[in-house]
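A structural walkthrough
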Amino acid sequence: MQRTDVIVVGAGPTGLFLAGELALLGVRVTVLERLQKPDPTIKAGSINVASAEILDRRGLLPAAEEVQRRLFASVGAFAGRKNAFANQPDSHEEGPRERAAHRFPVAGHFAGMLFRNELIDQGDPVLAGHTAAANGILVPQHDLELLLGEHCARLGVEVRRGIEVHGVRGADANLTDDVDVDVDVVVKTSAGEMTAGWVVAADGGRSAIRRQLGIDFVGTDPQMVGYQAVADFDDPSGLSRGWTWTPRGIYAYGPIPGRILVARFGPQPQDRDAPVTLEELQQAIRDVTGVDVTLNGLRGRATRWSDNARQAQSYRHGRVLLAGDAAHVHSPFSGQGLNLGLGDAVNLGWKLAATVHGYAPAGLLDTYESERHPIAAWVLDWTRAQVALMRGDERTAQLRKVVGEELFTVPGVMNRVVALTSGITQHYDVADKITDESESAAPVGSIAGDVTLSSSGGRLADHAHDGRFVLVDRSPDGRFAQAVRPLEHRIAYVADPASHTSPPSLFVRPDGVIIWATSPDTASSDDAVLKELDTAIRRWVGTR
């Protein structure tokens, strides 16, 4: 039987990005996927800002920006304009000054109520700190899978397609993080048994591994049936472009030519796995839109989905972990599932790699669940709230009017909603701090966002491509270098000396989360600050 350090089950965006993270840090990883090739079926149409920043930190932003440039051509032709984000500069081969001129991308909706660019305060420091990846968010899921597949190939990740995974054996006994213990998880597949020290199930909402292990998947039952496809219409002129609510449901036409999403409340089909026929899709479109459209054909396969919202009670069973849709499912509105899965992968990758190599601090792997589980629970409630605002009754119509015309037009409200949807407000409890966090000029536990380096003209993200921690030392004498020198193989040290009015020094995890930052009075409390930094290193990096 073939053995590897980690087997990742599922070659969707979550599985592929996780495999890349592990490979970056020297872990032998194999990805098993039941499909023979990437699925071209239309799914999520974009990623959020937090996900674009994940790609940026691994050097993948230029590839994402190229996808967005290609998409602009088709979207612009369909919408009758050159560029959906006309206020954004062309980011190809930009320097720091050009990137600083970016505006925060305003794209998306809440319950079908589109975000309005004119209501956004671009001076809001929360948004202004996350603009460098603005030209890399319009990346459809299929393009993202191709991009990540190429990334994995460059890293030497073995992706084995056409292999069905039926379950695992031996997970119950592997309840220790001690990699010196000679234990294996046996993965049962259509190609025979394979073994690994660890297994990550990223095999979707109907995960065979999660079911076999008996991990409870609790939540709420679906109330709507949705369809998504790219179709050829005989005459689509009666359809409104963008998101449209009706008393019968909600639909979105565009921005990709022929792309249609339609959802209606009602019972689920008897056979959820049956292929969506042209007739079924056509009738659903007619029912919701009230337009007597005729479909001539489909480009690719139509998908059927629901607002089923569930979450695994535990993300770990022995040496088996869950990620992506295997850990949580919900309605696909705003593509939150794709972004949530990428967040799982970037959070888990470096922690699992440290565990495999034996240098993980005690309890490090447990923080994967303690950090990611609450965020997924919040996203599930966020999507449930949107579904509630999509109902077709008269009271919901009145509530939509209040939310859309009164609340969403209040200064600051749209900023908050856009920030939440963009994923940039995520926060983890990461600090064993000596000084009060309120004294710090950078929010410890938050995502670093755009961090420019005055000494080199570069950015923090430029130093994160290899998956290491990054310490940006802005002290005038490089006083923090000694603290990280013994661990330079796991910590990238960046000297960025500047004046006393410069931004704080930062210590950032591989997933972009700030785990230490200096306060304005650093010079007068060096001992305390150095002790804080040492505490952060011991808690998150280890000492080996």
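Here is a short report on the structure shown in this document.

Here is what the cut-offs are and how they apply
- Residues numbered from 1 in each chain as written.
- Predicted model: local features only at pLDDT ≥ 70, side-chain atom pairs only at ≥ 80, totals over all residues.
- Heavy atoms only, no water.
- Helix = DSSP H or I, 4+ residues; strand = E, 2+ residues; numbered from the N terminus.
- Buried < 20%, exposed > 50% of the residue type's maximum accessible area, 1.4 Å probe, protein only.
- Contact = heavy atoms within 4.5 Å.
- Areas by Shrake-Rupley, 256 points an atom, 1.4 Å probe, with all protein chains shown as cover.
- Pairing = 2+ DSSP bridges.
- Axes fitted to C-alpha atoms, helices over the stretch in contact; angles between N-to-C directions.
- Salt bridge = Lys/Arg side-chain N within 4 Å of Asp/Glu carboxyl O.
- Phe/Tyr/Trp six-rings, centres within 6.5 Å; stacked < 30°, edge-to-face > 60°.
- Lys NZ or Arg CZ within 6 Å of the ring centre and 35° of its normal.

Attention shifts here to the overall build of the protein chain. The helix and strand tally for the protein chain stands at 14 helices and 23 strands. Burial statistics for the protein chain: of 544 residues in total, 54% are counted as buried. Excluding contacts between residues fewer than 6 apart, the proportion of contacts in the protein chain whose partners are at least 24 apart in sequence is 72%. Entry remark: accessible area of the protein chain is about 22,500 Å², with carbon and sulfur atoms responsible for 50%.

With that settled, consider the sheet that holds strand β16 (residues 309-312). Spatial ordering of the open sheet is given by β9-β16-β19, a layout of 3 strands whose pairing is antiparallel. Across the chains shown, the open sheet's two edge strands, defined by having one partner strand only, are β9 (217-220) and β19 (328-329). Sheet topology note: the β9/β16 ladder contains 4 bridges and is antiparallel. Residue pairing for β16: Gly219 is matched across the bridge by Arg310. Sitting on the sheet, helix α10 (residues 366-388) is in contact with β9, β16 and β19, with an inclination near 175° to β16.

Gly254 connects to Pro255 through a cis peptide bond whose omega is 0°. By secondary structure assignment, the location of Pro255 is in the loop between β12 (249-253) and β13 (259-265). The phi torsion at Ala111 lies on the positive side, around 55°, for a residue other than glycine. Note on placement: Ala111 falls in the loop between β3 (109-110) and β4 (113-114). Note on Ala111: relative accessible area 0%, which makes it buried.

What follows concerns the sheet that holds strand β20 (residues 469-473). Read across the sheet, 4 strands follow the order β21-β20-β22-β23 without closing on themselves; strand pairing throughout is mixed. Looking at the sheet topology across the chains shown, the edges are occupied by β21 (491-495) and β23 (514-517). Taken over all neighbouring pairs, the strand axes of this sheet differ in orientation by 15° on average, direction set aside. Bridge count between β20 and β21: 5 bridges; the pairing is parallel. From the neighbouring strand, Val472 faces β21, where its bridge partner is Val494. Taken strand by strand, helix α14 (residues 526-540) contacts β20, β22 (506-508) and β23, and its axis lies near 160° from that of β23.

A word on the pattern of salt bridges. One pass over the full model with this rule turns up 26 salt bridges. In this structure, the salt-bridge partner of Glu66 is Arg69, at a minimum N-O distance of 3.0 Å. Residue Glu66 and its partner Arg69 are located together in helix α3 (residues 61-79), separated by 3 residues, close to a single helical turn. The class for Glu66 is partly exposed, based on a relative accessible area of 34%. A salt bridge links Arg169 to Glu193; the nearest nitrogen and oxygen atoms lie 2.6 Å apart. Of this pair, Arg169 sits in strand β6 (residues 165-169) while Glu193 sits in strand β8 (residues 192-201), placing them 24 residues apart in sequence. The exposure class assigned to Arg169 is partly exposed, which follows from its relative accessible area of 40%. A single salt-bridge network, built from bridges that share partners, covers Lys351, Glu371, Arg509 and Asp511.

The tally for this structure, following the rule as stated, stands at 11 aromatic pairs. Ring centres 5.9 Å apart and planes at 65° place the aromatic pair Trp243 and Phe333 in the edge-to-face group. In this pair, Trp243 is assigned in strand β11 (residues 242-246) and Phe333 in the loop between β19 and α9 (336-357), connecting sequence segments 90 residues apart. Judged by its relative accessible area of 17%, Trp243 falls in the buried class. Under the relative-accessibility criterion, Phe333 is labelled buried at 1%. An angle of 90° between the planes, with centres 5.4 Å apart, marks the rings of Trp305 and Phe333 as edge-to-face. Residue Trp305 is found in strand β15 (residues 303-306), and its partner Phe333 is found in the loop between β19 and α9; the two are separated by 28 residues along the sequence. For the pair Trp305 and Phe333, a shared accessibility class is recorded, and that class is buried. Every member of this aromatic cluster is reached through a ring pair, and the members are Phe110, Trp378, Trp382 and Phe408. Sitting over the ring of Tyr359, Arg490 keeps its end group 3.8 Å from the ring centre.

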